[in-house]
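Here is how the chains run, residue by residue.
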Amino acid sequence: MEDEEIAALVAAARAAMANAHAPYSMFPVGAAIHTDSGRVFVGANVENAAYPQGQCAEASAIGAMVTAGERRIRRVVVMGGKAGDGALCTPCGGCRQRLREFAAPGVPVHVCGPEGLRRTFTLGELLPHAFGPDGANP
Ligand code: THU
C-alpha cells in the first residue's frame, strides 16, 4: 500500500520532471505531493532568463495544491539528477520552509533520481527546529 503510493508519486514526479523548464541550469526537477485527502499534485522547476525569478519544482507543486483548495501534505517526492549518479536532489532551504507550511515534521520526503527512490528523510530531519505555521515549534 505504502509502496504503491510511493511508486505512483515517483511516476508522477518523473512525468513532471519531463516538463521542467530548465534551459539555464540544465537540471530538471519534478515534485509530487500526496495530500491527506489522497490527491496528487505535481510541479516542475520553471526557470527564467532573469535567473532569480526561477521557481523550484516543490514551489510549483505547492502552488497547484493550494490553488486546488488543498492544504495538508502527507508525502512528498522530489526527483532530480541523472539516472544512477547517486546525488541527492534534496529540497532547497526555501522549499523546506514552504513545505513546512503545509506538512508536519514527520511527513516523509522521498528523494529520487530518474531511476527511482534514493533516500527518504522526514521533513523534520531536513528542517529541524523549524518556525512553523503554529509559531515556535517543538
Ligand atoms: N531545484 C528544484 O526545483 N528543486 C530542488 O529541490 C533543488 C533545485 C531547481 C532550481 C533550479 O531550477 C535547478 O533546480 C538548479 O538549481
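A brief look at the structure comes next. (Residues numbered from 1 in each chain as written. Predicted model: local features only at pLDDT ≥ 70, side-chain atom pairs only at ≥ 80, totals over all residues. Heavy atoms only, no water.)

### A short note on the overall build of the protein
- Each helix and strand in the protein was counted, giving four helices and five strands.
- In the protein, the succession of helices and strands from N to C terminus is α-β-β-α-β-α-β-β-α.
- Taken over C-alpha atoms, the radius of gyration comes to 14 Å for the protein, in line with the 14 Å a tight globule of 138 residues would show.
- Out of the 138 residues belonging to the protein, those deemed buried represent 44%.
- Long-range pairs, those at least 24 residues apart, make up 63% of the contacts in the protein between residues at least 6 apart in sequence.
- As presented, the protein carries roughly 7,000 Å² of accessible surface, and 56% of it is formed by carbon and sulfur atoms.
- Here the protein holds 12 positive side-chain charges and 13 negative ones, and the gap between their average locations is 3 Å. (Helix = DSSP H or I, 4+ residues; strand = E, 2+ residues; numbered from the N terminus. Rg over C-alpha atoms; globule rule 2.2 N^0.38 Å. Buried < 20%, exposed > 50% of the residue type's maximum accessible area, 1.4 Å probe, protein only. Contact = heavy atoms within 4.5 Å. Areas by Shrake-Rupley, 256 points an atom, 1.4 Å probe, with all protein chains shown as cover. Lys, Arg positive; Asp, Glu negative; His and termini not counted. Charge placed at Lys NZ, Arg CZ, Asp CG, Glu CD.)

### Examining the layout of surface pockets
- If you add up the space inside the largest pocket, you get close to 190 Å³.
- When grouped by side-chain class, the residues that make up the lining of the largest pocket number seven nonpolar, five polar and two charged. (1 Å grid on protein atoms, 1.4 Å probe; cavity = no way out; pocket = protein on both sides within 12 Å on 5 of 7 lines; lining within 4 Å. Points joined across faces, edges and corners; volume = space filled by probe spheres on them. Nonpolar A, V, L, I, M, F, W, Y, C, P; charged D, E, K, R; others polar.)

### A look at the nonpolar core
- Among the nonpolar cores identified, the biggest contains 21 residues, and Ile33, Met65, Ile73, Val76, Val78, Leu99 and Val109 are the most heavily contacted of them.
- Elements with a contribution of two residues or more to this core: β1 (29-35), α2 (57-67), β3 (73-80), α3 (93-102), β4 (108-113) and α4 (123-126).
- Element by element, the count of residues in this core is highest for α2, at four residues.
- In terms of nonpolar packing, the next biggest core, distinct from the first, is built from 10 residues, Leu9, Ala13, Val77 and Cys112 among them. (Core = buried A, V, L, I, M, F, W, Y, C linked by side-chain atoms within 4.5 Å.)

### Here's the deal with helix α1 (residues 2-18)
- Given a rise of 1.5 Å per residue, 17 residues ought to cover 24 Å, and the 25 Å separating the end C-alpha atoms of α1 matches this to within 8%.
- When we look at burial in α1, the residues that qualify are Glu5, Ile6, Leu9, Val10, Ala12, Ala13, Ala16 and Met17. For α1, the buried positions fall inside an angular range of 165° around the axis, keeping them on one side. Turned more than 90 degrees from where α1 packs its buried face, Asp3, Glu4 and Ala18 sit exposed.
- Where α1 is buried, its residues contact β1, β2 (40-44), β3, β4 and β5 (116-122). (Expected span 1.5 Å × (residues − 1). Arc of directions from axis to C-beta.)

### Quick notes on the sheet that holds β3
- One open sheet holds the five strands; their spatial order is β2-β1-β3-β4-β5, and the pairing between them is mixed. Taken across any chain shown, the strands that pair with only one partner, and hence form the sheet edges, are β2 and β5. Ignoring which end each strand starts from, the neighbouring axes of this sheet average 20° apart.
- The pairing of β1 with β2 spans five bridges and is classified as antiparallel. If you follow histidine 34 over to β2, its bridge partner there is valine 40. (Pairing = 2+ DSSP bridges. Axes fitted to C-alpha atoms, helices over the stretch in contact; angles between N-to-C directions.)

### Things to note about the site of the ligand
- Around the ligand, the surrounding shell holds 13 residues, and the nearest of these are Asn45, Glu47, Cys56, Ala57 and Glu58.
- Here an oxygen atom of the ligand and a side-chain polar atom of glutamate 47 are 2.5 Å apart.
- Protein contact buries 75% of the 370 Å² of open area that the ligand shows by itself.
- Mapping the ligand onto the cavity grids shows that it belongs to the largest pocket.
- Across the shell around the ligand, the residue classes break down as eight nonpolar, three polar and two charged. (Near = heavy atom within 4 Å. Polar contact = N/O pair within 3.5 Å; in protein donor to acceptor, adjacent residues only side chain to side chain. Sits in = over half its atoms within 2 Å of the grid points.)

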